[in-house]
Amino acid sequence: MGSKHEKDVDSASVTSAPKTRVQFYDPSKESVWTRVGLTFESFKRAPGTTGGQVVAGSHNVADLEKILADAPMLQQKMKPRHLTMIAVGGSIGTGLFVGSGSALNGGGPAGVLIAWILIGVMLINVTQALGEMSILYPVSGGFYTLAVRFLDPSFAFAMGWNYVFQWAVTLPLEITVAGTTVQYWGEDIMPLAAWITIFWVVIIIISAFGTLGFAEEEFWSSCLKLLVVVMFVFIGIVCICGGGPSGGAYDHYIGGEKWHTPGAFANGFKGVCSVFVTAAFAFAGTELVGLAASETPNPRATMPAAVKGTFWRITVIYITSLTIIGLLIGYDEPRLLGGTDAAASPFVIALNDAGIRGLDHFVNVTICISVLSIGLSCVYAGSRTLTALAETGYAPSIFTYVDKSSRPLWSVIAIIVWGALAYVNVVAAGDTVFHWLLALSGLSTLFTWLSICLCHIRFRRAWAVQGHSTEELPFKALGGVYGSWFGVILIVLVLIAQFYVAIWPIGGTEGPRDTAESFFSAYLAVPVMILFYGIGYAWKRTLPQRAHEIDLDSGRKSWLTAEEMNEWRAERRRAPWYIRIYRILFTN
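Residues numbered from 1 in each chain as written. Predicted model: local features only at pLDDT ≥ 70, side-chain atom pairs only at ≥ 80, totals over all residues. Heavy atoms only, no water.

Chemist: Is there a simple way to think about helix H15 (residues 359–391) in this case?
Modeler: Because each turn of an α-helix spans 3.6 residues, side chains separated by three or four positions in sequence point in the same direction. Over its 33 residues, H15 runs 48 Å from end to end, which matches the ideal 48 Å to within 8%, given 1.5 Å per residue. Of all 33 residues in H15, 28 are buried, a share of seventy percent or more. Within two residues after H15, Gly-393 carries a phi angle of roughly 85°, on the positive side. (Helix = DSSP H or I, 4+ residues; strand = E, 2+ residues; numbered from the N terminus. Expected span 1.5 Å × (residues − 1). Buried < 20%, exposed > 50% of the residue type's maximum accessible area, 1.4 Å probe, protein only.)

Here is the structure:
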């Protein structure tokens, strides 16, 4: 690599005479086509980290260049608007637009709201904890790397590989759903295999642009998804009040009629329990902001807005839209049964019943784009976690390769090739294959959220034991360590509820064989996690560290003292009241 593409920085400790020479890679010296990943040069290995992360309180460290060099190989290409929209709209997809229909059928409108609110409250605590740690430690691999440090490397190994496998399996599933979504306009337009090929190629092309391609696509697709949901909420309110088109199902006031007939709950307590995992699947991907923090120049400035955006997505987007759906459609609607495509979407069903022409097609287009968006999230999340696994020695070292366009190249390829599994859905046995593949990692999201809460609890313990004050933290989780304990309790309760439904499913079973199949399809991820934990322990023979032994300095990017942070907070408290309210609700 020529020296014109690198920059050398002399660094020395305040107390030591010898100087070390830190070499940073400066991608701005490359051509614009290399930076966006469109030249052969862009596929060459990046010679070093860019040192592009802002270090708060840099005057308090002895060797600034060493701190800058202790950074991910991935470049900091994400802008604040990207991170905010990934948090607010990034995980809105089939879980809300389609999966909410089967949840309504199984749990009823009240059951859906209870499950989504509980999972939402738990997730607010998860994202607050993740925000606190990711701003302080914007490390490669996010929550996986933090689990290695604060929990146990063997558990992190199991959780990390389960997380990678979850996204690898979800990718072909989302490609298939995109293909079946297009068939809403006619199954004879093109064979399903052709649609699968088209969508797979689109995902490959966008992934070739690396972080920037993913971030831009997420920004614009999130804008579209938010527009559609907000538009649906307003249309739904008008329809509930009887303002729908004449001759449609909502040309008269219906109010809470559907909550009385057929009722608020379907299948009682068991129905509510059955909805929890559907709700968790709908929220899957929210933790991506923790991975994205390492690709943002200044997480301290951008992450608080992203973390608080999660609250608004849960309340405004999910809870409001699901309340509207529960008032518009009864849980006994036959079109909700057994559907995985747009025809079973409660959004499409409600607009069709209202007699509003054309909007169902608009929603269907949005579902299609949402599915592609989740497919790209699969590639992003899976590849970044696989790279972090390799960096910590739990995956082949080839996956540490990051090219000059900031693509973890071999990790991206390793996830993308799973897209070929979508073709198994062309044959009749495809559903069975996917059913069991998804069962292998079906609870992965819950394990990931559990590890984030446990990491936060251990981090706070180590932070206190090693003489630090919470006043030093650039961002403090809303509920503190108690919020994380609350999150742990809720996640454990959800796992218990899933265990209950796995053994005694809705509708019962016809015999021991069906009972075993029902259990393992819902709970197979647990023995898989235990197996991977055993493999991780047998491989590395590592145990959790004591609180006073945990490394609190590696990857740290905020070194402000408690006095400096208190002075900063006091200054912000002197702002006008309307600015303070805005900061409380939306920023830091």
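Chemist: I would appreciate a short explanation of the packing of aromatic side chains in the present structure.
Modeler: Each aromatic ring pair is characterised by the separation of its centres together with the angle its planes make. Taken as a whole and assessed by the stated rule, the structure comprises 27 aromatic pairs. Between Tyr-137 and Phe-459 the ring centres are 6.0 Å apart and the planes differ by 90°, which places this aromatic pair in the edge-to-face class. Placement of Tyr-137 in the loop between helix H5 (99–136) and helix H6 (143–150) and of Phe-459 in helix H18 (residues 444–465) is noted, with a sequence separation of 322 residues between them. There is no split in this pair, since Tyr-137 and Phe-459 are both buried. When the centroid spacing of 4.9 Å and the interplanar angle of 85° are considered together, the rings of Phe-219 and Trp-220 count as edge-to-face. For Phe-219, a relative accessible area of 14% translates into the label buried. Taking the relative accessible area as the measure of exposure, Trp-220 reaches 56% and is therefore exposed. Positioned over the ring face of Trp-539 is Lys-540, at 4.7 Å from the centre of the ring. Here the guanidinium or amino end of Arg-556 rests over the ring plane of Trp-559, the centre of that ring lying 4.1 Å away. (Phe/Tyr/Trp six-rings, centres within 6.5 Å; stacked < 30°, edge-to-face > 60°. Lys NZ or Arg CZ within 6 Å of the ring centre and 35° of its normal.)

Chemist: Explain the packing of helix H8 (residues 192–207) against H15 to me, please; I cannot follow it from the model alone.
Modeler: What describes two packed helices is the angle between their axes and the distance between those same axes. The interhelical angle for the contact between H8 and H15, taken along N-to-C directions, is 55°, at an axis separation of 10 Å. As judged from the angle between their axes, H8 and H15 are oblique. Crossing hand, H8 versus H15: right-handed. Residues Phe-199, Val-202, Ile-203, Ile-206 and Ser-207 of H8 lie in contact with H15, whose contacting residues are Cys-368, Leu-372, Gly-375, Leu-376 and Val-379. Classifying every residue of the contact of H8 with H15 gives eight nonpolar, two polar and no charged. (Axes fitted to C-alpha atoms, helices over the stretch in contact; angles between N-to-C directions. Parallel < 35°, antiparallel > 145°, perpendicular 65-115°, else oblique. Left-handed = near helix turned anticlockwise from the far one by under 90°. Contact = heavy atoms within 4.5 Å. Nonpolar A, V, L, I, M, F, W, Y, C, P; charged D, E, K, R; others polar.)

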